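The lines below spell out each chain.
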Amino acid sequence: MNIFFVLLTLAIWLGPIPLGIIEAKKKGYSPNWMWLGILPVYGWVVYFIFCFVTKKKKCENCGEKNKVFAKNCQRCNHLFDKSTIVEYEPQTKKQKAIRLVSIIAAIIIIIIVMIVLLNNVFKNSEIYKMTLEVLNNDPQAQMIINREIKSTSFVSGSMSISGSSGNADLSFTVNGSSGEVKVYVSGVKEYGKWIIKKLYIEDGELIRIIDEK
C-alpha cells in the first residue's frame, strides 16, 4: 500500500512533464520550460499555461516563431500565406476571468490531492505505526492521552528512504483526556528496520517519551 501511494504521488507530481512537452511542441514553444516540473505543482502550472497560450507558427524564411494571426514575420517581415493566418479575436474580460479562475482552481485541486496522498504515505509508514504502538503502551503517554489511538486525521513532516536506510520527522495531533495533544517523532531506518530516536508529546509542556542520544 505504501509503495502504491508513493507511485501515485510521483505520477501526479511528474505526470504534467510529458503532457507539457507535447503541448509545447504543438503550440510552437520550447519544451525546456517543463524542467520546472521537477518542482512540486510547477509542472501543472506550466502545462496549463501552454494549454491556454496562443499557438505559434514558424517563418519558412528565417525560422522565427510568430503568433498564428501574424500576417508577416516579426523578424524578416516575410509575408505569410493567407491560409496560415488565423483571424485575431481578442478575449473579453469574462473569458480572461474564466481562464484565470480555471487555472487557479485546477492548481488548488492538484495541491489538495498531493497533500492527501502524502498524508496517506505517512500514515501507512512503519515509523507512524510504531509511534502509535508506543503511545498506546507507554504508561506516561497513556496518563495524558488516556485512550487507545488507532489512527489520526492528519500527519505532517518529511520522510526520505533510500534502499534499506532512511529518516523521518513527523508530527500529528491526537485527542487526549484534556484536549488535543501534539506528537513529535523522529526516526531512522537502518538495515531495513525503523528505529524511533525521539518521541515527544506536548500537552501544555513538552514531555519526553523516547530520546536516544
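All of the points below concern the structure found in this document. (Residues numbered from 1 in each chain as written. Predicted model: local features only at pLDDT ≥ 70, side-chain atom pairs only at ≥ 80, totals over all residues. Heavy atoms only, no water.)

In total, this model carries four salt bridges according to the counting rule given. For Arg 75, the salt bridge goes to Glu 64, with nearest N and O atoms at 2.9 Å. Of this pair, Arg 75 sits in the loop between β2 (65–67) and α4 (93–123) while Glu 64 sits in the loop between β1 (56–58) and β2, and the two are 11 residues apart along the sequence. A salt bridge links Asp 211 to Lys 198; the shortest N-O distance between them is 2.8 Å. Pair noted here: Asp 211 is in strand β7 (residues 206–211) and Lys 198 is in strand β6 (residues 193–202), with a separation of 13 residues, a long-range link. Overall, Asp 211 belongs to the buried group, its relative accessible area being 16%. Taking the relative accessible area as the measure of exposure, Lys 198 reaches 34% and is therefore partly exposed. Through salt bridges that share partners, Glu 23, Lys 26 and Lys 27 make up one connected network. (Salt bridge = Lys/Arg side-chain N within 4 Å of Asp/Glu carboxyl O. Helix = DSSP H or I, 4+ residues; strand = E, 2+ residues; numbered from the N terminus. Buried < 20%, exposed > 50% of the residue type's maximum accessible area, 1.4 Å probe, protein only.)

Take the nonpolar core next. If you look at the biggest cluster of nonpolar residues, it comprises 23 residues, and the most contacted ones within it are Leu 135, Leu 170, Phe 172, Val 174, Val 183, Leu 199 and Ile 201. For this core, the secondary-structure elements that each account for two or more residues are α5 (126–137), α6 (139–145), β4 (165–176), β5 (179–190), β6 and β7. (Core = buried A, V, L, I, M, F, W, Y, C linked by side-chain atoms within 4.5 Å.)

The contact between helix α3 (residues 42–52) and α4 brings their axes to 10 Å, and the two run at 155 degrees. The orientation of α3 relative to α4 falls into the category roughly antiparallel. Remark: the crossing between α3 and α4 carries right-handed chirality. Contact residues: Trp 44, Val 45, Phe 48 and Phe 52 in α3; Arg 99, Ile 103, Ala 106, Ile 107 and Ile 110 in α4. (Axes fitted to C-alpha atoms, helices over the stretch in contact; angles between N-to-C directions. Parallel < 35°, antiparallel > 145°, perpendicular 65-115°, else oblique. Left-handed = near helix turned anticlockwise from the far one by under 90°. Contact = heavy atoms within 4.5 Å.)

Taking 1.5 Å of rise per residue, 31 residues should cover 45 Å, and α4 covers 45 Å from first to last C-alpha, within 8% of that figure. Within α4 the residues assigned to the buried category are Ile 103, Ala 106, Ile 107, Ile 110, Met 114, Leu 117, Asn 119, Val 121, Phe 122 and Lys 123. (Expected span 1.5 Å × (residues − 1).)

Let us look at the packing of helix α2 (residues 16–27) against α3. Relative orientation of the contacting elements α2 and α3 amounts to 25 degrees, with a least axis distance of 9 Å. In terms of orientation, α2 lies roughly parallel with respect to α3. At the point where α2 passes α3, the crossing takes the left-handed sense. Between α2 and α3, the residues in contact are Pro 16, Leu 19, Gly 20, Glu 23, Ala 24 and Lys 27 and Gly 43, Trp 44, Tyr 47, Phe 50, Cys 51 and Phe 52, respectively. Residue classes in the contact of α2 with α3 are distributed as eight nonpolar, two polar and two charged. (Nonpolar A, V, L, I, M, F, W, Y, C, P; charged D, E, K, R; others polar.)

Once that is clear, we can look at the side chain of Glu 23. Considering the arrangement of structural elements, one finds Glu 23 in helix α2. Among residues more than four places away in sequence, those in contact with Glu 23 are Tyr 47, Phe 50 and Cys 51.

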